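# Architecture and fold: a report
Residue-level listing of the chains:
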Amino acid sequence: MWTDTARSCELVRRASLRLVAAVLLASVAPAHALSTDSEQPISILADQAEHNDATRITIYRGNVVIDQGSLHITGDTVTINFDAQDEVTKITAIGVPAHFRQLPDGDTNHRKAWAKQMEYFPEQDLIMLMGEALYEKDGSRVQADRLVYDSRNARFKALTDAAGAPSGQDGQADGKKPDRVRIQIKPKKKTTP
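Here the structure is a predicted model, which means the values were calculated and not measured.

### Some thoughts on unusual backbone geometry
That bond from Val96 to Pro97 is cis: its omega, -10°, falls within 30 degrees of zero. Tracing the sequence through the fold places Pro97 in strand 5 (residues 88–102). Of note in the backbone geometry, Arg56 takes a positive phi value of approximately 60° without being a glycine. Checked against the element boundaries, Arg56 lands in the loop between strand 2 (48–52) and strand 3 (57–68). Phi at Glu132 is positive, roughly 50°, even though this residue is not glycine. Inspection of the secondary structure assignment puts Glu132 in strand 7 (residues 126–137).

### Side note on a nonpolar patch on the surface
Residues Val181, Ile183 and Ile185 make up a contiguous nonpolar surface patch of roughly 300 Å² in combined accessible area. With respect to the helices and strands, the residue Ile183 is situated in strand 10 (residues 182–184). Look at Ile183 and you get exposed, because its relative accessible area is 56%.

### Observations concerning the pairing of strand 4 (residues 71–82)
Two strands pair when backbone bridges link them, and strand 3 and strand 4 are joined in this way by 10 bridges, in the antiparallel orientation. Within strand 4, the position partnered with Ile66 by the bridge is Ile73. Alignment of strand 4 against strand 5, held across nine bridges, turns out to be antiparallel. Across the sheet, residue Ile73 finds its bridge partner in strand 5, namely Phe100. Hairpin connection, strand 4 to strand 5: the antiparallel pair is bridged by five residues, and Asp86 has positive phi, about 65°.

Cut-offs applied
- Residues numbered from 1 in each chain as written.
- Predicted model: local features only at pLDDT ≥ 70, side-chain atom pairs only at ≥ 80, totals over all residues.
- Heavy atoms only, no water.
- Helix = DSSP H or I, 4+ residues; strand = E, 2+ residues; numbered from the N terminus.
- Patch = residues over 30% accessible without salt bridge, like charges linked within 9 Å, V, L, I, M, F, W, Y side chains within 5 Å.
- Areas by Shrake-Rupley, 256 points an atom, 1.4 Å probe, with all protein chains shown as cover.
- Salt bridge = Lys/Arg side-chain N within 4 Å of Asp/Glu carboxyl O.
- Buried < 20%, exposed > 50% of the residue type's maximum accessible area, 1.4 Å probe, protein only.
- Pairing = 2+ DSSP bridges.

Right, here's the structure in full:
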């Protein structure tokens, strides 16, 4: 499995750096991550790590914890896919749930996200939160079966599993009441004159 130890270590190190960069874009909000996070050392803890040169996949398993500055990611499994040029094509974090937390510049409250599965596609700057997805910032929350954030185009979608499914006469898919997208916006504090 580890045919060239030095090359494998370098691939794991680059994968770790790219994973952290991916999560920086995973916030589903226009706020920027703490600018000093990328200058901090990366710490990855897992019960095991495995890289396969043939499939170009690195897998961290068992209580995976990734920290860099204010960035904190946890999951049961984190998988990183590479192309032939050793560039990251996809990063997947799976957990019950997988969790992301980071402090934006100029803010005192963390951005937080949870989902059973988080997928990041660096080429498209696209992150998908799937399975009981939840995003929270400053007391406001978005919950849906799936949350998709296109950071390149600053577009956000919250979807139910029934979204796009054919609906019956009552407007419900297959006669079942679909879950709804839930958004809770915390009111701004009023300032007294």
